[in-house]
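The residues making up each chain are set out below.
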Amino acid sequence: MLLVHDLHSGYGSGTVLHGLSLQVRTGQALAVLGRNGVGKTTLLSTLMGLVRPRRGSIRLDGCELAGRRPDQVSRAGIALVPQGRRIWPTVTVHEHVRLAVRGQSWPIQRLYELFPNLAHRRHQPAGNLSGGEQQMLAICRALATGPSLILLDEPSEGLAPGIVSHLATAITEMVQSGLSVVIVEHDLRLAYAVASDVAVMVRGTVVHTAAVDEFRNDHRRAHQLLGLEA
Amino acid sequence: MPEWVPVAMTATINGLAIGLLLFVSAVGLTLIFGMMDVLNLAHGGLFLIGAYLVAESPTWTTFAVGLAAATTIGAVAGGALSLATAPLARRPHLDQALLTLGIALVIAEVLSALYGDDVRPANPPPGLDGAVPILGHQYPTYRLAVIGVGVVLALVFYWMVERTKLGALFRASVADRDMVAAIGIDVRFVRVGVLVVGSALAAVAGFLGGPIYNARPGLDSTILVLALVVVVIGGLGSVRGVLLASLLVGQIESTGRALLPSLASFLLFGALAVTIAVKPKGLLR
Ligand SMILES: Nc1ncnc2c1ncn2[C@@H]1O[C@H](COP(=O)(O)OP(=O)(O)OP(=O)(O)O)[C@@H](O)[C@H]1O
Ligand SMILES: [Mg+2]
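Everything numeric here is computed off the predicted structure, so don't read it as measured data.

Trainee: I'd love a proper account of the overall build of chain B, names of residues and values included.
Mentor: Scanning chain B from terminus to terminus reveals eleven helices and two strands. Along the chain direction, N to C, the helices and strands of chain B fall in the order α-α-α-α-β-β-α-α-α-α-α-α-α. A globule of 285 residues ought to have a C-alpha radius of gyration of about 19 Å, and chain B, at 19 Å, matches this closely. Seen through its C-alpha atoms, chain B measures out along the principal axes to roughly 60 × 45 × 35 Å. Counting every position in chain B, which comprises 285 residues, the buried fraction comes to 51%. A separation threshold of at least 6 residues defines the contact pool for chain B, and within that pool the share at least 24 residues apart is 76%. Surface exposure of chain B reaches about 12,500 Å², of which carbon and sulfur atoms provide 71%. Looking at chain B, you have 16 positive and 14 negative side-chain charges, and the mean spots of the two groups are 11 Å apart.

Trainee: Account for the nonpolar core, with residues named and values stated.
Mentor: Membership of the largest hydrophobic core comes to 161 residues, with the highest contact counts inside it found for Leu43, Leu47, Phe115, Leu118, Leu143, Ile150 and Phe215 of chain A. The element that contributes the greatest number of residues to this core is helix α1 (residues 4–36) of chain B, accounting for 15 residues. Each residue touching Phe115 of chain A, except ones within four places of it in the same chain, is listed here: Met136, Ile139, Cys140, Leu143 and Ala170 of chain A.

Trainee: Describe in detail the interface of chain A and chain B, supporting the description with residues and values.
Mentor: Residue-level contacts link 22 residues of chain A with 19 residues of chain B. Where chain A abuts chain B, roughly 1,800 Å² becomes buried across the two surfaces, and 60% of that area is made up of carbon and sulfur atoms. Considering only the side of chain A, the residues that lose the most area to chain B are Arg86, Trp88 and Leu99 of chain A, jointly responsible for 33% of the buried surface there. Taken together, chain A and chain B are joined by four salt bridges. Glu95 of chain A is the partner of Arg171 of chain B in a salt bridge, and the nearest nitrogen-oxygen pair spans 3.0 Å. Taken together, the connections running from chain A to chain B amount to ten residue pairs in polar contact (both at pLDDT 80 or more).

Trainee: Mind laying out the environment of Pro125 of chain A, listing which residues take part and the relevant values?
Mentor: All names here are of chain A. Relative to the helices and strands, Pro125 resides in the loop between α5 (116–120) and α6 (131–144). Judged by relative accessible area, Pro125 falls into the partly exposed class, the value being 28%. With ten residues separating them in the primary sequence, Pro125 and Gln135 have C-alpha atoms 14 Å apart. For Pro125, the residues in contact, after removing those within four places along its chain, are Pro89, Val91 and Thr92.

Trainee: Run through the coordination of the magnesium ion (ligand 2), naming residues and quoting values.
Mentor: For a metal bound by four donors in tetrahedral geometry, the ideal donor-metal-donor angle is 109.5 degrees, whereas six donors in octahedral geometry ideally sit at 90 or 180 degrees. Residue and element names in this part refer to chain A. The coordination sphere of the magnesium ion (ligand 2), as far as protein atoms go, consists of Thr41 (OG1) and Gln83 (OE1), spread over 1.9 to 2.2 Å. Highlighted residues: Thr41 in helix α1 (residues 40–48) and Gln83 in the loop between β6 (78–81) and α3 (93–100), separated in sequence by 42 residues. A relative accessible area of 28% places Gln83 in the partly exposed class.

Trainee: Describe the sheet that holds strand β2 (residues 14–24) of chain A, and please don't skip the residues or the numbers.
Mentor: Residues and elements named next belong to chain A. If you walk across this open sheet you meet the four strands as β2-β1-β4-β5, and the pairing is antiparallel. The sheet is open, and its two edges are formed by β2 and β5 (63–64), each paired on a single side. When strand β1 (residues 2–11) meets β2, the two strands line up antiparallel, connected through eight bridges. Within β2, the position partnered with Val4 by the bridge is Leu22.

Trainee: Could you give me a rundown of the site of ligand 1, with the residues and numbers involved?
Mentor: Residues and elements named next belong to chain A. By nearness alone, every residue bordering ligand 1 is listed as Tyr11, Val16, Asn36, Gly37, Val38, Gly39, Lys40, Thr41, Thr42, Gln83, Glu154 and His186. A distance of 3.5 Å separates a nitrogen atom of ligand 1 from a polar side-chain atom of Tyr11. Between ligand 1 and Thr42, the relevant distance is 2.5 Å, taken from an oxygen atom to a side-chain nitrogen or oxygen of the residue. Relative to its free-state accessible area of 640 Å², ligand 1 is covered by the protein chains to the extent of 56%. With three residues, α1 is the single largest residue contributor to the shell around ligand 1. Class assignment for the residues of the shell around ligand 1 results in three nonpolar, seven polar and two charged.

Trainee: So, unusual backbone geometry: which residues are in play, and what are the values?
Mentor: Residue and element names in this part refer to chain A. We note that Asp6 has phi near 50°; this positive angle belongs to a residue other than glycine. Secondary-structure assignment places Asp6 in strand β1. One non-glycine residue with positive phi stands out, namely Arg86, at about 50°. In this fold, Arg86 is placed in the loop between β6 and α3.

Conventions we followed
Residues numbered from 1 in each chain as written. Chains lettered and ligands numbered in written order. Predicted model: local features only at pLDDT ≥ 70, side-chain atom pairs only at ≥ 80, totals over all residues. Heavy atoms only, no water. Helix = DSSP H or I, 4+ residues; strand = E, 2+ residues; numbered from the N terminus. Rg over C-alpha atoms; globule rule 2.2 N^0.38 Å. Buried < 20%, exposed > 50% of the residue type's maximum accessible area, 1.4 Å probe, protein only. Contact = heavy atoms within 4.5 Å. Areas by Shrake-Rupley, 256 points an atom, 1.4 Å probe, with all protein chains shown as cover. Lys, Arg positive; Asp, Glu negative; His and termini not counted. Charge placed at Lys NZ, Arg CZ, Asp CG, Glu CD. Core = buried A, V, L, I, M, F, W, Y, C linked by side-chain atoms within 4.5 Å. Buried area = accessible area lost by both parts, 1.4 Å probe. Salt bridge = Lys/Arg side-chain N within 4 Å of Asp/Glu carboxyl O. Polar contact = N/O pair within 3.5 Å; in protein donor to acceptor, adjacent residues only side chain to side chain. Donors = N, O, S within 2.8 Å, 3.2 Å for Na, K, Ca; no water. Pairing = 2+ DSSP bridges. Near = heavy atom within 4 Å. Nonpolar A, V, L, I, M, F, W, Y, C, P; charged D, E, K, R; others polar.

Below, the structure written as structure tokens:
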């Protein structure tokens, strides 16, 4: 269970998150939606410890993580699939997995079964992979750390539709295996396909939460919060 | 055989020896900068410590002890440097550069207080102080030995960086350090590790290079400038690039000094300028 309370965070002198609160139950998949620049990436970076929060608390299963270094957050059970993938171009697929792998829950064999393409290209430098394969690798690297909560930041960005459906299958499989998921996504079809709940952000706070089935039929609110056509 | 052949030959072999020494000293610099964003200007000072140590090592026993001492002193200095620069880790490059420059000046002053300002000749260990004939020309044995050791060190280092898990960690940290932290690796240890290894290599390079350059005040800045040129030409954080650039700069230095002594440094900075103009991120980027 992730409990975020009154989180304030930002860069330099600017504040991006203004007292954000949020909750993810164990095994729940939550989609975080919001227009460009509302602070979704800042939220995930702060949860991961890459951006230091100024105030507020981040509790994972009762353990306080606000102010911890990213390596401590990772060992507490959170993993990040960052926006733009951020794989290491000169490091091979297999080396990515070997560096990240920890614990028993996702041994290398199981990861390659989930992403057979990566198994075939395991000795390639990650910079040689296609965009879709790089995204799979970023997910693979995150899973290898054996997290209980995985944060996905716009995994479908820049990918062809065929690959997005493949991605949806992989994420659904992760959820079914008991992982908690927070997914930031502009592609609502993907978000609705994998998540059970949505949280909508406006200017650095969560202003609305709802079940996916409820939110996807609430066209007026979706239009108002996200600027979508009804 | 035309008269220029042995001259060119000597210059080429010299260039190879200088290039490999440069590689050993510059590879640490590029890793430290590429991985941890620390521009370590104390690097030349560590080279100089190695050079003074070898000047004190006339026999094989003292040579072996001296080499071990150079490695240890370099490693300890690297650890101290990482402690000293840690509080500045999130500050601009200039702050760190100023701090390491200060440390470099302290090292130079201490050495000059200990050994004076005259050149201290360093001799190769017995047996390596002679010359061997190559194409009828006498060539210093020690330089050939340096080439041999340099090749082995370069190969070992290359293998380590390209083929081992530790090397993968090095490359990952050069590419994106935050993502290394995000998979649960404490990058502070990585930082200490590269500074220790890089500084030890700089001191070892100085020890091996001592009998070629001799120990003298000012050698630290000469080497630092050469190493910085190599790092920029090779591309920050690229081991392959640094190897290529070192060999290139070694040749420019020795051929330049043999043929056009007065223009040698212009050649060097000319090469730097051309590289920056054509490939601003370094040869292999
Ligand atoms: N590294 C940074 N340094 C300074 N400001 C930043 C940085 N990253 C983001 N910002 C600013 O913080 C605000 C929120 O950015 P953030 O990337 O969190 O938004 P987002 O919701 O993820 O947007 P998008 O949908 O475009 O990915 C923006 O105004 C952005 O300009
Ligand atoms: Mg974003």
